[in-house]
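Examination of the molecular architecture
For reference, the chains in residue letters:
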Amino acid sequence: MTGYASSASVSQPVSAVHGGIRYDGELVRAAVWEPSLGSVLDRHDYFRVVFLGSPPAPPLEDLRDARIAVYVPGPSSPARQRAEAELRTLREAQTGYAAGVGDVLAAQADEIEEHVIEEWAASFRDGRVVASPALGSDVASVFESGYWTDWSARIGEALLARAYPALPVDATKLTAPIRPDADAHVLFDAICGEGGDIGAIVLDALGPALGIALGANTLDLSRCEGVDLVAAEAAEHSGAALGHRLAHGLGLTYPLATLLALLYVRRDSAEVRLAPTHRLQLRGGAALDRPLITTDVLTHLAWPWPMRFWPDVDTIAPAGAPRAEGSERYLDVLGMAEGGELRDWLATMSDGLLAVTQQLVALASAQGRGLGAGELETIGRVRQLIAVDDASEIGGRARELFADPRLFRTNMDLWNGWREGVVHAAALTGAIAFLERATVEETRHELSLEREALASRLRDPALLTSPQQWPALAEAARRFSHAYASAYVEHHDAYHTQMELLAHRMASALTQARALARLNAVPELGRPVSPELPGLCEELASVVRTCGAATDADAVAGDAVCPSCAIRLDAVPPTAEVEALAALVGEALAKQNTRLARAVAHRLAKREANERLDRFIQVVEVSDLSGLANILDDELTAFIGELLREERS
């Protein structure tokens with residue numbers, strides 16, 4: 001990976017060690033900030049370090065995860081600028097050559113990059129780090145030595161230490177850090193007696209740090225803090241949300257969270273209750289034929305790969321714990337008893353499921369993310385809840401899906417908020433798109449502040465789980481759109497009034513530019529004068545356009561721009577450009593006019609009778625050729641050429 005060769009961001013995997021665990025992260029180099037770089041971390045990455053090629057720094061509200069740090073460099077030195085320019089040239093050239101030549105160019109680029117490491121490090125030492133909350137690290141020490149991956153690892157360690165101040169691992173008992181992806185399944189196999197010599201070695205090396213004590217053919221988990229942690233969290237969370245809490249919230253990572261959950265089953269005879277559609281298998285490939293992992297199943301279970309395991313988990317509970325309470329309490333949550341009322345409710349839920357899901361997906365997408373684990377879990381459970389053959393089964397299905405009526409109430413409150421606010425969700429999705437088009441310059445202080453405040457609230461990751469805020473936020477978006485539309489209509493009219501004046505000025509300049517082009521084509525007048533000006537005039541004339549559409553505030557409140565001209569609120573008429581170019585064209589034409597006047601005057605001095613010369617003099621006086629541009633056409637240009645050739649012969 002090399003420098004900042006383009007505006008696109010380039011990422012690569014990187015790792016950092018904290019608390020005895022090696023965490024996977026992401027190193028990103030981007031020329032400029034992109035809001036998507038601040039998205040919430042999920043799945044395999046536990047920190048992200050972004051190096052920008054240049055300011056400005058990202059707004060703090062763009063950083064949606066405390067495990068993200070962004071480095072904004074200081075001033076770029078001439079040496080760095082030269083090296084980066086050379087790198088861009090070499091990297092771009094690589095793609096245009098055969099393998100052999102491309103390899104040589106790549107080697108040259110790598111050599112240049114090695115030499116410019118210190119220049120990059122120096123620019124970041126003089127820059128600043130942006131994180132939310134502030135990281136407070138010693139920036140200079142991060143860039144003291146090494147390269148991009150070394151810098152990322154150092155700051156990754158600082159981010160992880162802040163995010164996970166306590167881990168259930170005794171790092172002093174490790175000779176090497178735990179690698180969750182590589183070690184967790186080996187430990188599981190070893191604990192189940194299936195790991196062989198390698199499993200025994202890994203268990204001996206990593207077990208004590210995790211609180212796994214080895215006796216004479218026995219396994220002691222009584223001091224395993226990780227199992228205690230799983231037990232405590234399982235009492236408060238369930239399903240995919242529990243997995244995410246353990247992996248990302250507490251820093252166990254998904255593989256270690258899976259291992260410790262299964263050790264909880266072994267130590268306390270707990271049960272992992274699975275969704276009926278789970279995909280777990282036994283050793284040898286046979287499917288686990290029941291939605292339950294118990295101690296008798298554990299030794300026969302194939303290692304459940306974490307990213308497939310946690311979506312299948314319903315709850316984890318102590319052995320003997322009641323599966324759920326009676327269905328009556330779940331029906332109490334719905335506020336209805338079995339009967340016609342329940343059937344009507346079921347029909348309403350079934351009809352609204354697709355619409356609500358679509359609006360949630362659209363709103364999350366507008367925020368630049370996908371639905372989170374908790375949101376997906378609620379949708380999935382509601383889908384399973386209403387997938388009953390008979391309304392009378394709803395209470396029993398709720399009892400199966402939710403470990404506690406309180407959890408059922410929490411999920412249903414959220415779902416009902418979504419269902420009742422589906423219209424507002426659509427309005428908020430539209431508002432996010434509107435704000436992307438509705439640019440407001442900083443000079444409009446009040447409107448600009450209102451836009452930024454609204455954008456910040458609409459980008460909040462907690463927006464989807466706070467439907468009670470949607471009506472007020474949708475109303476705020478509506479008020480802003482109307483205030484913006486009023487300002488836009490006023491700006492649109494003033495802008496195009498000025499553009500009409502510029503169009504007249506540009507028409508005159510374009511006439512002169514075309515006359516200049518014709519005179520430049522007469523070789524007898526000498527070398528062409530400013531031959532690039534006619535082309536520049538044509539280009540600028542295509543930009544100076546007026547809008548004849550009657551601007552409607554209601555239309556602007558919906559689209560953010562005029563549907564005809566699409567100018568932005570911060571658009572400025574090119575007055576200076578038009579005046580400057582018109583002046584240059586006038587000067588160039590005047591120079592050609594002077595040449596022509598001199599040649600015609602010399603021809604007159606010979607006082608030869610010539611009918612064509614008399615016609616030409618009648619068209620334009622020798623003392624003032626400024627009107628020539630308005631009458632000069634191909635025929636007259638040809639005549640001028642012939643006249644000057646006769647004068648020379």
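Located above this text is the structure these notes cover.
Computed from a predicted structure; not experimentally measured.

Here we look at the overall build of the protein chain
Scanning the protein chain for helices and strands turns up 25 helices and 10 strands. When the 649 residues of the protein chain are sorted by exposure, 46% land in the buried category. If you take every contact in the protein chain between residues at least 6 apart in sequence, the share linking residues at least 24 apart comes to 69%. Of the roughly 31000 Å² that the protein chain leaves accessible, carbon and sulfur atoms contribute 52%.

Quick word on the packing of aromatic side chains
For the structure shown, the criterion picks out 23 aromatic pairs. Centre to centre, the rings of Phe51 and Phe143 are 6.2 Å apart; their planes meet at 70°, and the pair counts as edge-to-face. Placement of the pair is Phe51 in strand E3 (residues 48–52) and Phe143 in the loop between helix H3 (139–142) and helix H4 (148–163), with a sequence separation of 92 residues. Take Phe51 and Phe143: they sit in the same class, and that class is buried. Plain terms: the ring middles of Tyr147 and Trp151 are 6.5 Å apart, the flat faces sit at 70° to each other, and that makes the pair edge-to-face.

Focus on the sheet that holds strand E1 (residues 10–18)
Backbone-to-backbone hydrogen bonds join strands into a sheet, with any given pair of strands oriented parallel or antiparallel. Read from one edge to the other, the open sheet built from 5 strands follows the order E1-E2-E3-E4-E5, with strand pairing classed as mixed. Strands at the two margins of the open sheet, each flanked by one partner only, are E1 and strand E5 (128–130). Here the strands of the sheet are splayed against their neighbours by 25° on average, with no regard to which way each runs. Of the pairings in the sheet, the one linking strand E4 (residues 68–72) to E5 comprises 3 bridges and is antiparallel in character. Paired with Tyr71 across the bridge in E5 is Val129.

A closer look at the sheet that holds strand E9 (residues 292–293)
Across the sheet, 3 strands lie side by side as E9-E8-E10; this open sheet has antiparallel pairing. The open sheet terminates on both sides in strands that have one partner only, identified here as E9 and strand E10 (313–317).

Focus: the side chain of Asp312
Looking at where Asp312 falls in the secondary structure, it is placed in the loop between helix H11 (306–309) and E10. Classification of Asp312 by relative accessible area gives buried; the value is 5%. One polar contact links the side chain of Asp312 to the main-chain amide nitrogen of Arg279, over a distance of 3.1 Å. Setting aside residues no more than four positions away along its own chain, Asp312 makes contact with Arg273, Leu274, Ala275, Thr277, His278, Arg279 and Leu280.

Focus on the packing of helix H7 (residues 225–234) against helix H8 (residues 239–249)
For the pair H7 and H8, interaxial distance at closest approach is 10 Å and the crossing angle is 140°. With respect to their mutual orientation, H7 and H8 come out oblique. Crossing angle aside, the handedness with which H7 passes H8 is right-handed. Residue-level contacts link Leu229, Val230, Glu233 and Ala234 of H7 to Leu242, Arg245 and Leu246 of H8. In terms of residue class, the contact of H7 with H8 is built from 5 nonpolar, no polar and 2 charged.

Let's talk about the nonpolar core
Core analysis: the largest hydrophobic core is formed by 86 residues, its most contacted members being Trp345, Phe408, Trp415, Leu458, Phe480 and Tyr484. Considering every element that reaches this core, the biggest residue donor is helix H19 (residues 470–520), with 20 residues. Among residues more than four places away in sequence, those in contact with Tyr484 are Phe434, Arg437, Ala438, Thr439, Val440, Leu447, Val556, Ala560 and Leu569. Counting 77 residues, the second-largest nonpolar core is a separate cluster that includes Ile21, Phe51, Cys192 and Ile293.

Reading the values: rules and limits
Residues numbered from 1 in each chain as written. Predicted model: local features only at pLDDT ≥ 70, side-chain atom pairs only at ≥ 80, totals over all residues. Heavy atoms only, no water. Helix = DSSP H or I, 4+ residues; strand = E, 2+ residues; numbered from the N terminus. Buried < 20%, exposed > 50% of the residue type's maximum accessible area, 1.4 Å probe, protein only. Contact = heavy atoms within 4.5 Å. Areas by Shrake-Rupley, 256 points an atom, 1.4 Å probe, with all protein chains shown as cover. Phe/Tyr/Trp six-rings, centres within 6.5 Å; stacked < 30°, edge-to-face > 60°. Pairing = 2+ DSSP bridges. Axes fitted to C-alpha atoms, helices over the stretch in contact; angles between N-to-C directions. Polar contact = N/O pair within 3.5 Å; in protein donor to acceptor, adjacent residues only side chain to side chain. Parallel < 35°, antiparallel > 145°, perpendicular 65-115°, else oblique. Left-handed = near helix turned anticlockwise from the far one by under 90°. Nonpolar A, V, L, I, M, F, W, Y, C, P; charged D, E, K, R; others polar. Core = buried A, V, L, I, M, F, W, Y, C linked by side-chain atoms within 4.5 Å.

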